[in-house]
Amino acid sequence: MQNSKRQILSLATGVMLVLGASQACAVTTLKLSHNQSRSHAVHQAMTQFADEVKEKTNGEVRIRIYSDSQLGNQRESIELMQNGALDIAKSNAAELEAFSPAYFIFNLPYLFRDKTHYQQVMNSDIGKEILNSSQNMGFIGLTYYDAGARSFYAKKPIRTPEDLKGLKIRVQPSPSAIALVKGLAGNPTPLAYGELYTALQQGVVDAAENNIPSFTLSRHSEVTKFFSLDEHTMIPDVLLISNNSLNKLTTEQQAIVKKAALNSSKYMIQLWEKSEKEERAKAEKQGVEFIHVDKTLFQNAVNPMYDKMAETHPELFEMVKRVRKVE
Ligand code: GCU
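The model shown is predicted, which means the values in this text are computed figures rather than measured ones. (Residues numbered from 1 in each chain as written. Predicted model: local features only at pLDDT ≥ 70, side-chain atom pairs only at ≥ 80, totals over all residues. Heavy atoms only, no water.)

Trainee: Which parts of the structure should I look at to understand unusual backbone geometry?
Mentor: For residues other than glycine, phi is negative in most cases, and the peptide bonds are mostly trans. You will see that Arg-219, though not glycine, has its phi angle at about 65°, which is positive. Positioned with a positive phi, Glu-231 is a non-glycine residue whose angle comes to about 45°. Since its relative accessible area comes to 35%, Glu-231 is described here as partly exposed. (Buried < 20%, exposed > 50% of the residue type's maximum accessible area, 1.4 Å probe, protein only.)

Trainee: How should I be thinking about the confidence of the model for the protein chain in this particular structure?
Mentor: Any residue range with low pLDDT should be treated as having predicted coordinates unsuitable for detailed reading. Summing up the model confidence of the protein chain, the mean pLDDT is 93 and the portion of residues at 70 or higher is 92%. In the predicted structure, residues 1-24 sits below a pLDDT of 50 and forms 2 contacts with residues beyond four places in sequence or in another chain. (pLDDT = per-residue confidence, 0-100. Contact = heavy atoms within 4.5 Å.)

Trainee: Would you explain the sheet that holds strand β11 (residues 237-242) in this entry?
Mentor: Within the open sheet, the 5 strands sit side by side as β2-β1-β3-β11-β4. Their pairing is mixed. What marks the edges here is a single partner per strand, and that holds for β2 (61-66) and β4 (139-145). Direction aside, neighbouring strands of the sheet carry axes that sit 25° apart on average. Note that β4 and β11 share 6 bridges and pair antiparallel. (Pairing = 2+ DSSP bridges. Helix = DSSP H or I, 4+ residues; strand = E, 2+ residues; numbered from the N terminus. Axes fitted to C-alpha atoms, helices over the stretch in contact; angles between N-to-C directions.)

Trainee: Hey, could you run me through the pattern of salt bridges in this one?
Mentor: Any two side chains of opposite charge can pair, on the condition that their charged atoms come close. Summed over the entire model, instances satisfying the criterion amount to 13 salt bridges. A salt bridge links Glu-279 to Lys-282; the nearest nitrogen and oxygen atoms lie 2.9 Å apart. Of this pair, Glu-279 and Lys-282 both sit in helix α11 (residues 251-285), separated by 3 residues, roughly a single helical turn. With relative accessibility at 35%, the residue Lys-282 sits in the partly exposed group. (Salt bridge = Lys/Arg side-chain N within 4 Å of Asp/Glu carboxyl O.)

Trainee: Can you walk me through empty space enclosed by the protein in this structure?
Mentor: To find the voids left in a structure, one rolls a probe of water-molecule size over its atoms. Applying the stated criterion across every chain yields a total of 3 cavities of 30 Å³ or more. Volume-wise, the largest cavity comes out at about 130 Å³. For the largest cavity, the lining is made up of 15 residues, of which Gln-36, Asn-92, Arg-150, Gln-172 and Asn-210 are closest to its centre. Residue classes in the lining of the largest cavity are distributed as 2 nonpolar, 9 polar and 4 charged. In this structure, the second largest cavity occupies an estimated 60 Å³ of space. (1 Å grid on protein atoms, 1.4 Å probe; cavity = no way out; pocket = protein on both sides within 12 Å on 5 of 7 lines; lining within 4 Å. Points joined across faces, edges and corners; volume = space filled by probe spheres on them. Nonpolar A, V, L, I, M, F, W, Y, C, P; charged D, E, K, R; others polar.)

Pasting the structure below:
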């Protein structure tokens, strides 16, 4: 081969290598942290989110999911995201209240008339405002994930609000969750989710509250045999992304990420329904007794919370009124 040809060829190979290298550099990997097991519906919804993002960006944006609090509990994950060490986190809306007060709305008992109203609020302007409300904290919410209704479960049957009196009840680390249990004369003990199994097992707490899939999949059903269907709150999970990580992406990639998040949220609704049924059947097999309670007793017991709020925090109460109006 002539020298000049050889030079051109090696130049071309060089260009290809450089191009190849620059294409390799164009791959952005985003780390996502959450606190559920891989068999939880929310993990499956986020897996679909990651798959869609990879496919639609032709592999240029990849999301690596770390489950089971491997990268820290919810609070720690949010802080890692704020410090730039993590890109995406899933947190329950309850814990987000400590970062952005607007999330308090989801912690209020019996605020949503039913499941449809709860879904409507998430899809409404209020729902969107709440997702964007943490922007100045360094992150925003991409979407909500249905997490059903939360009820009390304990080592003894809880049939009326009186049965909660004096019980040490684990709550999520959020001011409104603490206020709710105090309002019911229980003893609120804020703990991270990952610490709860041992706390129940060792009697550090007597009771807790959650949805059915989380109750069984985190094995609380092995050590707590009475689940009361009082359904006091409906608190969604939220998929969060740091402002910096979002801004690292091209406009087109950002749109793909947002759309994929919404699609995974729709998928979650189906996953959730199925999971609630399956996990309830599993709990029954483990000998858990599901107790049907008169919800109005619980509702009446927490009503003073709203009267107090109207007096002491009228601006928050305005938001309650807006939520009630959503149809
Ligand atoms: C639910 C929710 C979790 C949350 C947990 C809790 O399971 O999906 O995100 O951490 O409740 O009670 O802490």
